[in-house]
Amino acid sequence: MSGSAHLPEPLCARCDAVCCRLTVVVQPEDRIPAHLTAHTAAGLTVMARDAEGWCVAIDAARMCCAIYDTRPDVCRRFTMSGPYCLAVRTDYLDSTSRGIPLALYS
Ligand code: SF4
Ligand code: SF4
């Protein structure tokens, strides 16, 4: 999220861009193509995710965001090494190291 193309940063470069599995709420001022979005039961517009929970805007190698220049504001504000970054990385590394299937974040 910090933008998966959030990869110039050292920590992001060693990460599978796991923040791009979090729910990303799209704001009206974000200009995201409709085919990349979905709607929640609560009526929120969010970035659509694939069956494994990855944002559909991330590339197959999970190295860059296909809409990096116009990514949602939420993604722009996500802080590398911030509390959410550290929490989602810890959860992801714990699950994958123990062979636990990834859970979808709601
Ligand atoms: S829009 Fe880009 S930066 Fe935001 S979650 Fe999706 S792939 Fe990551
Ligand atoms: S979870 Fe943190 S380290 Fe990983 S790509 Fe996102 S911002 Fe970077």
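Residues numbered from 1 in each chain as written. Chains lettered and ligands numbered in written order. Predicted model: local features only at pLDDT ≥ 70, side-chain atom pairs only at ≥ 80, totals over all residues. Heavy atoms only, no water.

Q: Got a minute to help me understand the environment of Asp30 in this structure?
A: Along the chain, Asp30 turns up in the loop between helix 1 (10-13) and strand 1 (37-39). Along the backbone, Asp30 and Asp73 are 43 residues apart, and their C-alpha atoms lie at a distance of 6.8 Å. At 2.8 Å, the side chain of Asp30 and the backbone nitrogen of Gln27 are in polar contact. A polar contact of 3.0 Å, which involves the side chain of Asp30, links it to the backbone nitrogen of Asp73. (Helix = DSSP H or I, 4+ residues; strand = E, 2+ residues; numbered from the N terminus. Polar contact = N/O pair within 3.5 Å; in protein donor to acceptor, adjacent residues only side chain to side chain.)

Q: Please explain unusual backbone geometry as it appears in this structure.
A: The general pattern is negative phi for most residues beyond glycine and trans for most peptide bonds. In this structure, Ala17 takes a positive phi of about 55 degrees despite not being glycine. Its relative accessible area of 1% is what places Ala17 among the buried residues. With phi around 70 degrees, Ser81 is a residue other than glycine that occupies positive phi space. For Ser81, the location among the structural elements is in the loop between helix 2 (73-77) and helix 3 (83-97). Judged by relative accessible area, which is 38%, Ser81 ranks as partly exposed. (Buried < 20%, exposed > 50% of the residue type's maximum accessible area, 1.4 Å probe, protein only.)

Q: I tried to follow helix 3 on my own but got confused; where do I start?
A: One full turn of an α-helix is made of 3.6 residues, so residues set three or four places apart face in the same direction. A rise of 1.5 Å per residue sets the reference length of helix 3, with its 15 residues, at 21 Å; its end C-alpha atoms lie 21 Å apart and thus fit the reference within 8%. Cys85, Val88, Arg89, Tyr92 and Ser95 are the residues of helix 3 that are buried. Taken around the axis of helix 3, the buried residues stretch over an arc of 135 degrees, which confines them to a single face. Structural note: helix 3 exposes Pro83, Thr90 and Ser97 on the side pointing more than 90 degrees away from its buried face. Backbone geometry just after helix 3 places Gly99 at a positive phi near 70 degrees. (Expected span 1.5 Å × (residues − 1). Arc of directions from axis to C-beta.)

Q: So what exactly am I meant to see when it comes to the packing of aromatic side chains here?
A: A complete count under the given rule lists 1 aromatic pair for this structure. Measuring from ring centre to ring centre gives 6.2 Å for Trp54 and Tyr92, while their planes differ by 80 degrees; the resulting arrangement is edge-to-face. Linking Trp54 in the loop between strand 2 (45-47) and helix 2 with Tyr92 in helix 3, this pair joins segments that are 38 residues apart in sequence. We note Arg21 situated over the ring of Trp54; from NZ or CZ to the ring centre the distance is 5.6 Å. (Phe/Tyr/Trp six-rings, centres within 6.5 Å; stacked < 30°, edge-to-face > 60°. Lys NZ or Arg CZ within 6 Å of the ring centre and 35° of its normal.)

Q: What am I meant to see in the nonpolar core here?
A: Counting residues in hydrophobic clusters, the biggest one holds 23 residues, and the most contacted among them are Val18, Cys20, Ile32, Met47, Ala57 and Ile67. When residues of this core are assigned to their parent elements, the largest contribution, 3 residues, is made by helix 3. (Core = buried A, V, L, I, M, F, W, Y, C linked by side-chain atoms within 4.5 Å.)

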